[in-house]
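Read off the chains here:
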Amino acid sequence: MALTVSEIKRINKLLLAWYKANARPLKIRERNKPYEVLIVEVMAQQTQIARVDELATRFLKRFPTLRALAGAETADVLEAWRGLGYNRRALLLHRAAEAAHAAGGLPATHEELERLPGIGSYTARAVAAIASGGREIPVDVNIARVVQRLVGGPRLTAKPLQAAANAFGAELGDGEAGRWAQAAMDLASSVCRASAPDCSSCPLKSVCASAGRVAASEKKGRSAPVRFGSTARWLRGRLLDELRDAGRGGVIIRGARGEHPAPAVAATIRRLCDEGLAERVATATYRLPRRKKEID
């Protein structure tokens, strides 16, 4: 059921007031320049939020501007990404910086941001809302849960869910959409949890369509955990760290690594080359991609 404008305004007021008193003290939220927000938002994907500020500070010290990142060697960007994992994010971020710099700078709207390589719907809306006054609410899994519970009714698919979130944004003032999204994230983390929501403590309980109606889900029996050392992600990370440590001369990638036999290692380094994360410089010798490029 669609909420009325008065209900939406009431929810916005209550949520932002709660956030003002209960916001998590995250230093990354002090950043509001578009380029810095972009770096933080890309890093925050699949990385614990508590670690992002330290890693972002290190990365921004090395690449303080969009121009610096756009003009960097791919190898230097991947080296600076050490500790974050999911290294394709670094590669796509680098390509996005190149495209944005070539076009004259980071665009302000989420529509234009989403046209950059590797910048998805959530990241584009988050950067626009936090740094450029955009009014569309970025929707990740946590914000989706809060919005779905607020509006109630059948489970919404992606587009109707985004439209429902944007209805809140339409009734916010300048610069408030970013705070609304951050507030919803904190609420999802502390109160509106997926499996055990604490409706009695929720600041929105008087206006939430799902208040008191979300049962705590039963814990499912866990299957035996997969050893991280046996995963493809471990092997990719291990090989990339070897390339980082090797420098320009490269390193011989041959033989087994941990639980991974030689054929799996050979296949993985070839895949990293195909993805643009590595390059072969001699027989069985590889390094991080390097190139020289002038940036105007």
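This write-up is about the structure you can find in this document.

The rules behind these values
Residues numbered from 1 in each chain as written. Predicted model: local features only at pLDDT ≥ 70, side-chain atom pairs only at ≥ 80, totals over all residues. Heavy atoms only, no water. Helix = DSSP H or I, 4+ residues; strand = E, 2+ residues; numbered from the N terminus. Core = buried A, V, L, I, M, F, W, Y, C linked by side-chain atoms within 4.5 Å. Buried < 20%, exposed > 50% of the residue type's maximum accessible area, 1.4 Å probe, protein only. Contact = heavy atoms within 4.5 Å. Phe/Tyr/Trp six-rings, centres within 6.5 Å; stacked < 30°, edge-to-face > 60°. Salt bridge = Lys/Arg side-chain N within 4 Å of Asp/Glu carboxyl O. Pairing = 2+ DSSP bridges.

Concerning the environment of Glu 30
For step 1, the next point in the chain: If you trace the backbone, Glu 30 turns up in the loop between helix H1 (5–22) and helix H2 (34–44).
For step 2, the next point in the chain: On a C-alpha basis, the gap between Glu 30 and Val 139 in space is 21 Å, while along the polypeptide they are 109 residues apart.

Description of the nonpolar core
For step 1, the next point in the chain: The biggest cluster of nonpolar side chains holds 49 residues, and the ones touching the most others in it are Met 43, Phe 59 and Leu 69.
For step 2, the next point in the chain: Elements with a minimum of two residues in this core: H2, helix H3 (49–62), helix H4 (66–70), helix H5 (74–80), helix H6 (88–102), helix H8 (121–131), helix H12 (232–246) and helix H13 (262–274).
For step 3, the next point in the chain: When residues in this core are grouped by element, the largest group, 7 residues, is from H2.
For step 4, the next point in the chain: Not counting residues within four places of it along the chain, the set of residues in contact with Met 43 comprises Val 52, Leu 55, Ala 56, Phe 59, Trp 81, Leu 84 and Arg 89.
For step 5, the next point in the chain: Among the nonpolar cores identified, the runner-up in size contains 36 residues, and Ile 11, Tyr 122, Ala 144 and Leu 187 belong to it.

A look at the packing of aromatic side chains
For step 1, the next point in the chain: Enumeration according to the criterion identifies 3 aromatic pairs in this entry.
For step 2, the next point in the chain: With 5.7 Å between their ring centres and 85 degrees between their planes, Phe 59 and Trp 81 make a pair best called edge-to-face. You can see Phe 59 sitting in helix H3 and its partner Trp 81 sitting in the loop between H5 and H6, a full 22 residues away along the chain.
For step 3, the next point in the chain: Since its relative accessible area comes to 0%, Phe 59 is described here as buried.

Points about the pattern of salt bridges
For step 1, the next point in the chain: The final tally for this structure, using the stated rule, is 23 salt bridges.
For step 2, the next point in the chain: The residue Arg 31 makes a salt bridge to Glu 36 at a minimum N-O spacing of 3.4 Å. Glu 36 carries the same exposure label as Arg 31, and that label is buried.
For step 3, the next point in the chain: Of the charged contacts in the structure, one is a salt bridge between Asp 241 and Arg 244, with a shortest N-O distance of 2.8 Å. Of this pair, Asp 241 and Arg 244 both sit in helix H12, 3 residues apart, roughly one helical turn.

A few points about the sheet that holds strand S3 (residues 285–287)
For step 1, the next point in the chain: Spatial strand order, S1-S3-S2: 3 strands in an open sheet with antiparallel pairing. Edge positions in the sheet fall to strand S1 (251–252) and strand S2 (279–282), since each of these pairs with one other strand and no more.
For step 2, the next point in the chain: Note: S1 against S3, 2 bridges, orientation antiparallel. Opposite Ile 252, over in S3, you have Thr 285 as the bridge partner.

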